[in-house]
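# Descriptive structure summary
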Amino acid sequence: MPERTNLILLHDGTLEGVLCAVFDSYSYSPPPQGLDTVSCYQPQLGCRYKEVTTDPRRAARVIAGVRRQMGQLGYRKVWQAFLHDSPEKDTVIYRYIRLGMKEGERVHQMLTHPTVLAIDKLCAITGREASYLTEFVRFSEVEGHLYYAEITPEHMTLPLIMPHFAARMNAHPFLIHDKTHGLAGVYDRKGWVLVSTENMTIPALSEDEENYRRLWKTFYDTIAIKERLNPQLRRQLMPKKYWKNITELQPDKA
């Protein structure tokens with residue numbers, strides 16, 4: 001196959017894998033067309049594929065280079081864009097880093113450049129979802145004096161919201177369960193970590209939890225002004241996809 005055929009670098013699906021692919025991309029001329037994951041790529045005519053080995057040392061060198069050339073904002077955008085669930089995110093990140101390594105911090109003013117537009121869009125989507133979740137997460141007390149919450153985000157925004165709740169609820173251990181991605185953010189009053197929820201058993205609700213829920217729903221319904229109810233506005237301010245995890249919007253048990 002001719003060497004001029006479009007080259008796609010394949011990685012393991014981690015951020016470190018993406019960064020190693022960016023590192024290796026400088027070994028090819030012309031540069032690779034884009035990135036994809038080993039587990040999900042679909043071979044296309046006119047493309048050749050090469051798998052990249054993930055090496056934390058090479059990934060760290062790329063991170064250092066991004067911070068040096070593009071500043072902390074550049075690395076923040078790379079990290080936040082990676083949390084998006086779009087299959088195109090890897091190529092967007094790859095092209096953004098290549099552009100930023102060439103242009104330096106000036107890349108942050110290149111707002112009309114297609115690559116900058118693309119990464120800013122990914123960051124805006126994950127940031128907006130994280131902002132909604134900080135408002136709509138509802139905790140329940142479970143056995144062991146642990147506070148537990150379920151979320152079903154479209155994107156992997158759990159790392160974005162954990163610092164908020166760790167600062168706000170620093171007196172209580174808690175767990176936020178991302179059911180979409182099989183992850184949990186666990187806080188133990190000292191710090192927080194992300195763990196897999198595979199084979200995780202969620203403790204039962206505490207004896208007082210049902211009473212707490214009834215009291216909260218009573219308060220929610222009491223302060224509402226019936227004449228000013230506006231379902232359309234509520235759906236705009238509180239998207240319906242979040243309702244299933246919001247205590248006050250659950251139907252009363254018979």
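Preceding block: the structure.
Residues numbered from 1 in each chain as written. Predicted model: local features only at pLDDT ≥ 70, side-chain atom pairs only at ≥ 80, totals over all residues. Heavy atoms only, no water.

Take the pairing of strand β2 (residues 34-37) next. With four bridges joining them, strand β1 (residues 6-11) and β2 adopt parallel strand pairing. Across the sheet, the residue bridging to I8 is G34, located in β2. Crossover connection from β1 via helix α1 (residues 15-25) to parallel β2: handedness right-handed. (Pairing = 2+ DSSP bridges. Helix = DSSP H or I, 4+ residues; strand = E, 2+ residues; numbered from the N terminus. Right-handed = clockwise from strand over helix to strand, strands pointing away.)

Here we take up helix α5 (residues 158-168). For α5, the full list of buried residues reads L158, P159, L160, I161, M162, F165 and A166. In this structure, the buried residues of α5 make contact with α2 (56-82), α4 (114-136), β5 (146-151), β6 (174-178), β7 (183-187) and β8 (192-196). (Buried < 20%, exposed > 50% of the residue type's maximum accessible area, 1.4 Å probe, protein only. Contact = heavy atoms within 4.5 Å.)

On to the sheet that holds β8. Ordered by their spatial adjacency, five strands build an open sheet running β4-β5-β6-β7-β8, and the pairing between neighbours is mixed. This sheet does not close on itself; its edge strands, each paired only once, are β4 (140-142) and β8. Recorded for the sheet is a direction-independent mean angle of 30 degrees between the axes of neighbouring strands. Of the pairings in the sheet, the one linking β4 to β5 comprises three bridges and is antiparallel in character. When the bridges of β5 are listed, V142 appears paired with L146. (Axes fitted to C-alpha atoms, helices over the stretch in contact; angles between N-to-C directions.)

Strands sit in the order β2-β1-β3 across an open sheet of three strands; the sheet is parallel. A strand with exactly one partner marks an edge of an open sheet, and here the two such strands are β2 and β3 (47-51). Ignoring which end each strand starts from, the neighbouring axes of this sheet average 35 degrees apart. Relative to the sheet, α1 contacts β1 and β2, its axis offset from that of β1 by approximately 145 degrees. Sheet strands in contact with helix α3 (residues 89-103) are β1 and β2, and its direction is about 145 degrees off that of β2.

Take the pattern of salt bridges next. This model, assessed by the stated rule, comprises eight salt bridges. A salt bridge links R58 to D55; its shortest N-O distance comes to 3.8 Å. The buried category is assigned to R58, whose relative accessible area is 15%. A relative accessible area of 17% places D55 in the buried class. One salt bridge connects E209 with R213, and the closest N-O pair in it is separated by 3.1 Å. A residue pair is termed a helical-turn pair when its members lie 3 or 4 positions apart in one helix, as E209 and R213 do in helix α6 (residues 209-223) at four residues. Shared partners join several salt bridges into a network, and the residues in it are D24, D55, R57 and R58. (Salt bridge = Lys/Arg side-chain N within 4 Å of Asp/Glu carboxyl O.)

Time to look at the packing of aromatic side chains. This model, assessed by the stated rule, comprises eight aromatic pairs. Taken together, a centroid distance of 4.9 Å and an interplanar angle of 40 degrees make the contact between Y41 and Y49 tilted. Looking at Y49, the relative accessible area reads 25%, which means it is partly exposed. Relative to Y242, the ring of F136 has its centre 5.6 Å away and its plane inclined at 45 degrees; by these criteria the two rings are tilted. Taken as a pair, F136 in helix α4 and Y242 in the segment after α7 (231-237) lie far apart in primary sequence, 106 residues in all. Of the two residues, F136 and Y242, neither departs from the other in class, the shared state being buried. Ring pairing ties together the aromatic residues F139, F165, F174 and Y187, which thus form one cluster. One residue, R98, lies across the ring of Y26, its end atom 4.1 Å from the ring centre. (Phe/Tyr/Trp six-rings, centres within 6.5 Å; stacked < 30°, edge-to-face > 60°. Lys NZ or Arg CZ within 6 Å of the ring centre and 35° of its normal.)

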